[in-house]
Amino acid sequence: MAKDSYLVGLIGSGIGPSLSPALHQREADRQGLRYLYRLIDIDVAGVPPEAVGRLVRAARDLGFDGLNITHPCKQLVIEHLDALAPQAEALGAVNTVVFEAGGRAVGHNTDVTGFAASFARGLRDAPLESVVQLGAGGAGAAVAHATLTLGAERVTVVDAVAGRAAGLAEQLCGQFGAGRAVSAGPERLPELLAGADGLVHATPTGMAAHPGMPLAAELLHPGLWVAEVVYRPLETELVRTARALGCAVLDGGGMAVFQAADAFRLFTGREPDSGRMLADIAELGERSAGQVV
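What you are looking at is a predicted structure, and each value in this text was computed from that prediction instead of being measured.

A closer look at the overall build of the protein chain
- Summing up its helical and strand segments, the protein chain has eleven helices and twelve strands in all.
- Its C-alpha atoms give the protein chain a radius of gyration of 18 Å, within 12% of the compact-globule value 19 Å for 293 residues.
- On the principal axes, the C-alpha backbone points of the protein chain span a range of 55 × 40 × 35 Å.
- For the protein chain, with 293 residues in total, the buried portion stands at 53%.
- Accessible surface, the protein chain: about 12300 Å² in total, of which carbon and sulfur atoms supply 52%.
- Distance between charge centres in the protein chain, computed from 23 positive and 32 negative side chains, equals 6 Å.

Structure (structure tokens):
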């Protein structure tokens with residue numbers, strides 16, 4: 001028989017403002033489940049990102065059913081898992097861990113499907129000939145993969161760490177074909193964005209714990225669509241600035257909902273209602289707007 005009680009959690013840095021607990025618990029309440037979602041913030045615990053393996057083992061020993069994993073642990077967690085789902089293995093990043101019978105820890109990545117679903121819903125007719133992406137970390141790997149899956153002809157990956165951008169571009173070309181992804185340094189952003197169709201932002205900048213803009217505002221222009229990965233706040237400075245300039249904009253809320261829905265399905269085996277969860281995040285975002293978090 002299916003379980004009706006679940007214990008799950010989120011491991012990451014600066015996750016106090018996360019809406020994941022509320023998204024999961026609201027949907028669980030509607031389905032009549034007892035569902036406890038705990039935050040495991042490495043900053044609060046005073047441990048480095050490399051402690052993620054110890055935290056995963058502790059959660060398994062304590063009877064957790066699964067974990068979400070976020071910045072900066074999505075890649076570090078891999079070596080501590082027993083197996084990876086094909087998509088997580090291809091990406092080299094995990095955002096969801098399911099503890100199977102016997103305690104086997106299996107890593108999944110719902111960021112890919114979450115971003116793809118959100119993009120298809122919010123920027124359905126956006127041109128995809130040339131896309132610039134800021135960020136080559138765990139989230140960056142997922143959204144670049146999703147963008148190419150959606151039909152982008154070329155993604156240029158820009159990261160402050162040159163080797164990381166080059167590594168992701170090489171990985172993407174291995175999966176999607178030569179020339180589909182290239183890397184570049186931040187100094188090339190002016191020329192790249194001048195001729196690009198869209199910008200995908202996949203760094204922590206803009207989060208409550210990392211406020212600000214990831215690039216100079218003057219590099220944005222009305223012919224550019226902008227897709228944000230950060231969802232707390234829903235209106236980051238990038239989203240607000242791009243919208244004011246007349247850019248087509250996708251905030252991070254849709255990705256947050258669709259990845260959460262996929263994780264909920266993995267944890268419980270039950271089908272979530274993503275439409276209701278989209279309404280939830282809109283309400284939760286409005287409720288927290290203007291709060292200092």
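A word on the packing of aromatic side chains
- Scanning the model with the defined rule gives four aromatic pairs in all.
- Here Phe115 and Phe119 contribute two aromatic rings whose centre-to-centre distance is 5.9 Å and whose plane-to-plane angle is 45 degrees, an arrangement assigned as tilted. One end of the pair, Phe115, and the other, Phe119, are both in helix 5 (residues 111-122), four residues apart, so they sit about a helical turn from each other. Each of the two residues, Phe115 as well as Phe119, counts as buried.
- Each ring, one from Phe119 and one from Trp225, has its centre 5.1 Å from the other, and the planes form 75 degrees; the classification is edge-to-face. Here the residue Phe119 occupies a position in helix 5, and Trp225 occupies one in strand 11 (residues 225-228), the gap between them amounting to 106 residues. With respect to class, Phe119 is no different from Trp225; both count as buried.
- Ring pairing ties together the aromatic residues Tyr6, Tyr35 and Phe264, which thus form one cluster.

Considering the side chain of Thr156
- Looking at the secondary structure, you find Thr156 in strand 8 (residues 154-158).
- If we ignore the near neighbours within four places in the chain, the residues touching Thr156 are Val131, Val132, Gln133, Val182, Ala184 and Leu192.

Section: helix 1 (residues 20-30)
- Within helix 1 the residues assigned to the buried category are Ser20, Pro21, Leu23, His24, Glu27 and Ala28.
- After helix 1 finishes, the residue Gly32 shows a positive phi value of roughly 75 degrees.

Brief notes about unusual backbone geometry
- Cis geometry is adopted by the peptide bond preceding Pro72, which originates at His71 and carries an omega value of 5 degrees.
- Here Pro72 is to be found in the loop between strand 3 (66-69) and strand 4 (83-84).
- Of note, the bond from Arg232 into Pro233 is cis; its omega dihedral lies within 30 degrees of zero at 10 degrees.
- Within the fold, Pro233 resides in the loop between strand 11 and helix 9 (237-244).

Quick notes on the pattern of salt bridges
- Applying the stated criterion across every chain yields a total of 16 salt bridges.
- A salt bridge links Arg26 to Glu283; the shortest N-O distance between them is 3.2 Å. Here Glu283 lies in helix 11 (residues 274-288) and Arg26 lies in helix 1, a separation of 257 residues in the sequence.
- In this structure, Glu27 and Arg276 form a salt bridge, with 3.0 Å as the shortest nitrogen-oxygen distance. Within this pair, whereas Glu27 is found in helix 1, its partner Arg276 is found in helix 11, the two being separated by 249 residues in sequence.
- For Glu27, a relative accessible area of 0% corresponds to the buried category.
- Residue classification places Arg276 among the partly exposed positions, given a relative accessible area of 34%.
- Through salt bridges that share partners, Arg26, Glu27, Arg30, Asp273, Arg276, Asp280 and Glu283 make up one connected network.

Cut-offs applied
Residues numbered from 1 in each chain as written. Predicted model: local features only at pLDDT ≥ 70, side-chain atom pairs only at ≥ 80, totals over all residues. Heavy atoms only, no water. Helix = DSSP H or I, 4+ residues; strand = E, 2+ residues; numbered from the N terminus. Rg over C-alpha atoms; globule rule 2.2 N^0.38 Å. Buried < 20%, exposed > 50% of the residue type's maximum accessible area, 1.4 Å probe, protein only. Areas by Shrake-Rupley, 256 points an atom, 1.4 Å probe, with all protein chains shown as cover. Lys, Arg positive; Asp, Glu negative; His and termini not counted. Charge placed at Lys NZ, Arg CZ, Asp CG, Glu CD. Phe/Tyr/Trp six-rings, centres within 6.5 Å; stacked < 30°, edge-to-face > 60°. Contact = heavy atoms within 4.5 Å. Salt bridge = Lys/Arg side-chain N within 4 Å of Asp/Glu carboxyl O.

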